[in-house]
Structures are given as structure tokens and as C-alpha cells.
Amino acid sequence: ATDQLQGTDGLHQLLALPAGVLHTLPDLLDLLQPDDRAALSAALAACRQSATPFALEAQLLATPGRALWVRATGHALTNPAGKVLALQGALVDLTAYKRSEHESRRVRMQLSTTLASISEAFATLDAHGRFTFANPATERLLQRSSAQLLGQAIWRVLGDKHNAHLQQAIEDALRSGQNTALEALSLPPQRWLALRAYTFAEGLAVYLHDVTDRHNAQAQLKLLQTSISRLNDIVLIAEAQPDGKRL
């Protein structure tokens, strides 16, 4: 294999270069960014020496002000004895895909920043009920970091032994595409949480609120009502009259 380069018309059109400009592999390598040039040079050397195929992405400057992202693939052409005679490869234009990927990443970062700034606890779940995002308020409420939450099913994080209804409600919402609201006990920490879940394309957006105080107050009221109902004596609540007499 030599450094001579035989490029197709499609290659020259991709690079917007006149036919005949690229005569050797170094001519092509000179168009690459330095780090990518080193990586592709190493891949070409390995292909020449041991017929190792390669596939990598690289950025090149075809003409001044025109940067391209490409996927470079190649393999060796050998004789029956296994000797490398030549290298054959292709460049695939990834520029549009990379721009779209960059824009999607920018939007995701912007969205993450916006969601992180929400003061109330907010999280997103994937199609299997697993955390894909948790803002700082959620981390504080559940006393777990995002690293501990991401990829975990919400009912397992809250304690699935006493939250079978939570798993059922989340799965039903994901399956039906209907919003849902419910309460669940988180252990640990031992807190009652009110959850409001809204469906979106990738899963559920969930708001979480600590309603432990309300639950405790309701439990105490219920206990008081039960205790009163079990008294054998009649309980009379009287109000004093202005003259000091009682009704």
C-alpha cells in the first residue's frame, strides 16, 4: 500500500474541491483537525500493517470557513497470502446529524437548567418508571443525590413493600397516557408524599410535595374520634351562659 489516493467524484464534491487536488493520503489528512489527524493516521497505519479495519469520526476543514463532520471507514485489500495490497475506505457526511445533535444537547442543557431552578420537587421518569432527572429540591426531599436516583424505579426508591399502589398507578399512567395523582409513604425518610404525574413523550413529569404534617394531623383526629366513640359515658360539651349558669 502506498500513499497514492484515488478519490471518486463524490469525495471531491463532498469536500467541495476540484478533481485532482487530492493526490495522496497526506493531502486528505492535512484537512483534518490535529487530534483527528493523529487518530486517523494511527488507524491507517494499523490497517496497513495488520489489515485492521477502522471506523471513526473526524472533523475536517474542506474549504476556508466550511467545517465538516465525517465518519471515516476503511479496510485492507489483501492477496491470498494475506499481504496488504491497498486500502479502501469511505467518508460519510455527518455534518447535519452533528448539528442536530449539538442543538438537541443545547436544548437539553437549557431545559435541565430551567428544571433545576424549579423551587418545588420535580422529577422525570422514563417509560419504565425510572428516574431520568431529579432537581435539587427532589434530592433534598428524598435525601438522595441524583446519582443515587437516576435509573431507579420510583416505587423502589420510596419503598416498594408498602407502595404497591404507587407502582400500579405509575404503570397505568404510562400505559394509558393519563395524568394521575396519589399519595405514597417514603421510607426512608419516613414522609408522606403527594405526587402529581403528567404524561409526556418520554415518560412522566412528577411533582412531589411533603404532606406528612397533614397526614399526622388526620391520624390524630381519627384517633380522637375513635376514642370518643368508644366511651361508655355520655360526653356533654356545655357552654356557659352570661349569667354564669350552664345549659
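A brief report on the enclosed structure follows. (Residues numbered from 1 in each chain as written. Predicted model: local features only at pLDDT ≥ 70, side-chain atom pairs only at ≥ 80, totals over all residues. Heavy atoms only, no water.)

Relative to the helices and strands, Ala-197 resides in strand 7 (residues 191-200). Here Ala-197 falls in the buried class, since its relative accessible area comes to 2%. Separated by 18 residues in sequence, Ala-197 and Asn-179 have C-alpha atoms that sit 5.6 Å apart. Among residues more than four places away in sequence, those in contact with Ala-197 are Asn-179, Thr-180, Leu-204, Ala-205 and Val-206. (Helix = DSSP H or I, 4+ residues; strand = E, 2+ residues; numbered from the N terminus. Buried < 20%, exposed > 50% of the residue type's maximum accessible area, 1.4 Å probe, protein only. Contact = heavy atoms within 4.5 Å.)

Right, let's talk about the environment of Leu-193 for a bit. Topologically, Leu-193 is positioned in strand 7. A sequence separation of 118 residues divides Leu-193 from His-75, and the C-alpha atoms of the two residues are 58 Å apart. Those residues in contact with Leu-193 that sit more than four places away from it in its chain are Leu-141, Leu-142, Leu-158, Leu-182, Glu-183, Ala-184, Ser-186, Leu-208, His-209, Asp-210 and Val-211.

Where strands meet in a sheet, backbone hydrogen bonds hold them as pairs that are either parallel or antiparallel. Here we have five strands laid out as an open sheet, ordered 5-4-8-7-6, and antiparallel in their pairing. Each edge of the open sheet carries a strand with a single partner, namely strand 5 (131-134) and strand 6 (180-186). Here the average twist between neighbouring strands, direction ignored, is 25 degrees. Direction of pairing for strand 6 relative to strand 7: antiparallel, over a ladder of seven bridges. Each residue of the ladder has a partner; that of Thr-180, found in strand 7, is Ala-197. Against the sheet, helix 8 (residues 164-176) makes contact with strand 4 (121-125), strand 6, strand 7 and strand 8 (203-210), and its axis sits at roughly 150 degrees relative to strand 6, the strand it touches most. Sitting on the sheet, helix 9 (residues 212-229) is in contact with strand 6, strand 7 and strand 8, with an inclination near 125 degrees to strand 7. (Pairing = 2+ DSSP bridges. Axes fitted to C-alpha atoms, helices over the stretch in contact; angles between N-to-C directions.)

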